[in-house]
Amino acid sequence: MITVLNPGTFTTVQDLGRTGFLRYGVPESGALDKYSLRCANLLLGNDEGMAGLEATLFGPSLKFNREVKISICGGDLGPMLDGDPINNWEVVNVPANSELSFQGLIQGARAYIAFEGGISEQSISVILGSMSTYCQGGFGGFKGRALVQGDTFEINDSFHESHLSQKKIDPIEFSEKVELRILMGPQEDMFLEDAIKLLAESEFKVTVDADRMGIRCEGPVLQHSGPADLISDGTVFGAIQVPSSGMPIILLADRGTTGGYPKIATVISADHTKLAQLIPGDTIVFQPVSLETAIDEFAKQENRITELKGFDGGYSKISVGDDLISIVDEDDKPVLLDNIDKTVKINAKSGDENIEVDVTFQSRT
């Protein structure tokens, strides 16, 4: 059993979130920095989607009644075990009756604490396929709220061999000035050309209005070419909405599932980690990139995850002539291939003509 001695600023139970419920008005929730939570779990040999704790700014104090392995990834909040500093991004053995605490923010905003075996469903209910906490809705996680002093939860029994603790991954460092790469749209045509230029060439500050729903920024006014409203449509993680004030809002995991402000651009998936680790006062520079670049950067990140899993394969693509096409399954998830380079001939059809095409499979790019 683990007992919360001090909950910290805002500590919640999060996994990779709920999928398939946006149409019903239920946000995805889940870890804001999914990459860091996945790494923390995989270091321990857990399934990458197991629930852990998301600690914000000032982490909790936790008392362990039995020995367990943990890992902490993401922002550096100064973790300590029984008063001695410990490292992020590696496995730590916690003896029985030990106390995990945090001395304070060093870099980043959110740390992810994973436990070998994962948090038990006896302590945390699974709602709509996820343990994630959605505080605005009052469900998920620990009674639909952030942890408070005196809360307790159980960890599943470990079933891993000790050699799994030898896994390593390079730490990510976070700075006070961050470049976020973006794809323009889907409604950039609702802004003046000067606004598009300002977005790409200016600096923006993160305001104190920053939480799991979104991040308000301040900087030069991004002027609309017409009305600042539209018929509400769907939103995604990283979408940059611009209300009538002209100040951008970057949407996160607990955002409204629809919105009526134009979305000038969207932060690419590979930069969600940097986005999730922003704190008030940080500086953002937006860098427009192509869809091909966004896909390639996502592939690099997934390859790091694949290596941590111990697989030889990686996120894969097909190149046909000069074109590069991502390989995904029917759920739009990347497909893993063996670590090989292979060219095969396939039959295809162009209009009424049958043609033969050389297709090259590349497991790493």
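Treat the numbers as computed from the prediction; the structure is a model and nothing was measured.

Cut-off values and rules
- Residues numbered from 1 in each chain as written.
- Predicted model: local features only at pLDDT ≥ 70, side-chain atom pairs only at ≥ 80, totals over all residues.
- Heavy atoms only, no water.
- Helix = DSSP H or I, 4+ residues; strand = E, 2+ residues; numbered from the N terminus.
- Buried < 20%, exposed > 50% of the residue type's maximum accessible area, 1.4 Å probe, protein only.
- Areas by Shrake-Rupley, 256 points an atom, 1.4 Å probe, with all protein chains shown as cover.
- Expected span 1.5 Å × (residues − 1).
- pLDDT = per-residue confidence, 0-100.
- Contact = heavy atoms within 4.5 Å.
- 1 Å grid on protein atoms, 1.4 Å probe; cavity = no way out; pocket = protein on both sides within 12 Å on 5 of 7 lines; lining within 4 Å.
- Points joined across faces, edges and corners; volume = space filled by probe spheres on them.
- Nonpolar A, V, L, I, M, F, W, Y, C, P; charged D, E, K, R; others polar.
- Core = buried A, V, L, I, M, F, W, Y, C linked by side-chain atoms within 4.5 Å.
- Phe/Tyr/Trp six-rings, centres within 6.5 Å; stacked < 30°, edge-to-face > 60°.
- Polar contact = N/O pair within 3.5 Å; in protein donor to acceptor, adjacent residues only side chain to side chain.

Asker: How would you sum up the overall build of the protein chain? Please name residues and give values.
Answerer: The helix and strand tally for the protein chain stands at four helices and 26 strands. Out of the 365 residues belonging to the protein chain, those deemed buried represent 48%. A total of about 17,100 Å² of accessible surface is found on the protein chain, and carbon and sulfur atoms cover 48% of it.

Asker: Which residues make up helix 4 (residues 291-309), and what values do they have?
Answerer: Taking 1.5 Å per residue as the helical rise, helix 4 with its 19 residues ought to reach 27 Å, and the 27 Å between its terminal C-alpha atoms agrees with that figure. Among the residues of helix 4, those classed as buried are Ala 294, Glu 297, Ala 299, Gln 301, Glu 302, Asn 303, Ile 305, Thr 306 and Leu 308. Backbone geometry just after helix 4 places Gly 310 at a positive phi near 90°.

Asker: Go over the confidence of the model for the protein chain, please, and point to the residues and values.
Answerer: Looking at the protein chain, the pLDDT average stands at 87 and 82% of residues meet or exceed 70. The low-confidence segment residues 312-324 (pLDDT under 50) makes 57 contacts with residues lying over four places distant or belonging to another chain. In the model, residues 336-340 has pLDDT below 50 throughout and makes 19 contacts with residues more than four positions away in sequence or in other chains.

Asker: How would you summarise the layout of surface pockets if you had to cite specific residues and measurements?
Answerer: Gaps left between atoms show up when a probe the size of a water molecule is rolled over them. There is about 290 Å³ of room inside the second largest pocket. In terms of lining residues, the second largest pocket is bounded by 20 residues, among which Thr 56, Arg 110, Ala 210, Asp 211 and Arg 212 are the most central. Considered class by class, the residues forming the lining of the second largest pocket number twelve nonpolar, three polar and five charged.

Asker: An account of helix 1 (residues 34-43) is needed here, citing residue identities and associated values.
Answerer: The element helix 1 is extensively covered by neighbouring structure, given that nine of its ten residues are classed as buried. Buried within helix 1 we find Tyr 35, Ser 36, Leu 37, Arg 38, Cys 39, Ala 40, Asn 41, Leu 42 and Leu 43. The positive-phi residue at the C-terminal boundary of helix 1 is Gly 45, with phi of around 85°.

Asker: Now, about the nonpolar core: what can you tell me, with residues and values included?
Answerer: Counting residues in hydrophobic clusters, the biggest one holds 29 residues, and the most contacted among them are Leu 180, Ile 250, Leu 275 and Phe 286. At the level of elements, strand 12 (177-184), helix 2 (193-201), strand 13 (203-210), strand 14 (214-218), strand 19 (263-267), helix 3 (272-276) and strand 20 (283-288) are the ones that each hand at least two residues to this core. Aside from chain neighbours lying at most four places away, what touches Leu 275 is Leu 180, Ile 215, Phe 237, Gly 238, Ile 250, Leu 252 and Val 267. In terms of nonpolar packing, the next biggest core, distinct from the first, is built from 28 residues, Ile 2, Ile 70, Ile 119 and Leu 147 among them.

Asker: Give me the environment of Thr 306: which residues, what numbers.
Answerer: With respect to the helices and strands, the residue Thr 306 is situated in helix 4. Owing to a relative accessible area of 3%, Thr 306 belongs among the buried residues under this scheme. Along the primary structure Thr 306 and Leu 42 are separated by 264 residues, whereas in three dimensions their C-alpha atoms are 9.8 Å apart.

Asker: How would you summarise the packing of aromatic side chains if you had to cite specific residues and measurements?
Answerer: All chains considered together, the criterion is met by four aromatic pairs. Summarising the aromatic geometry, the rings of Phe 115 and Phe 153 are spaced 5.8 Å apart at their centres and angled 70° between planes, so their arrangement reads as edge-to-face. Of this pair, Phe 115 sits in strand 10 (residues 107-115) while Phe 153 sits in strand 11 (residues 152-153), and the two are 38 residues apart along the sequence. Neither Phe 115 nor Phe 153 differs from the other in exposure class; each is buried. By way of ring pairs, the aromatic residues Phe 64, Phe 115 and Phe 153 are connected into one cluster.

Asker: Tell me about the side chain of Asp 151, and name the residues and values.
Answerer: With respect to the helices and strands, the residue Asp 151 is situated in the loop between strand 10 and strand 11. A polar contact of 2.8 Å, which involves the side chain of Asp 151, links it to the side chain of Arg 145.

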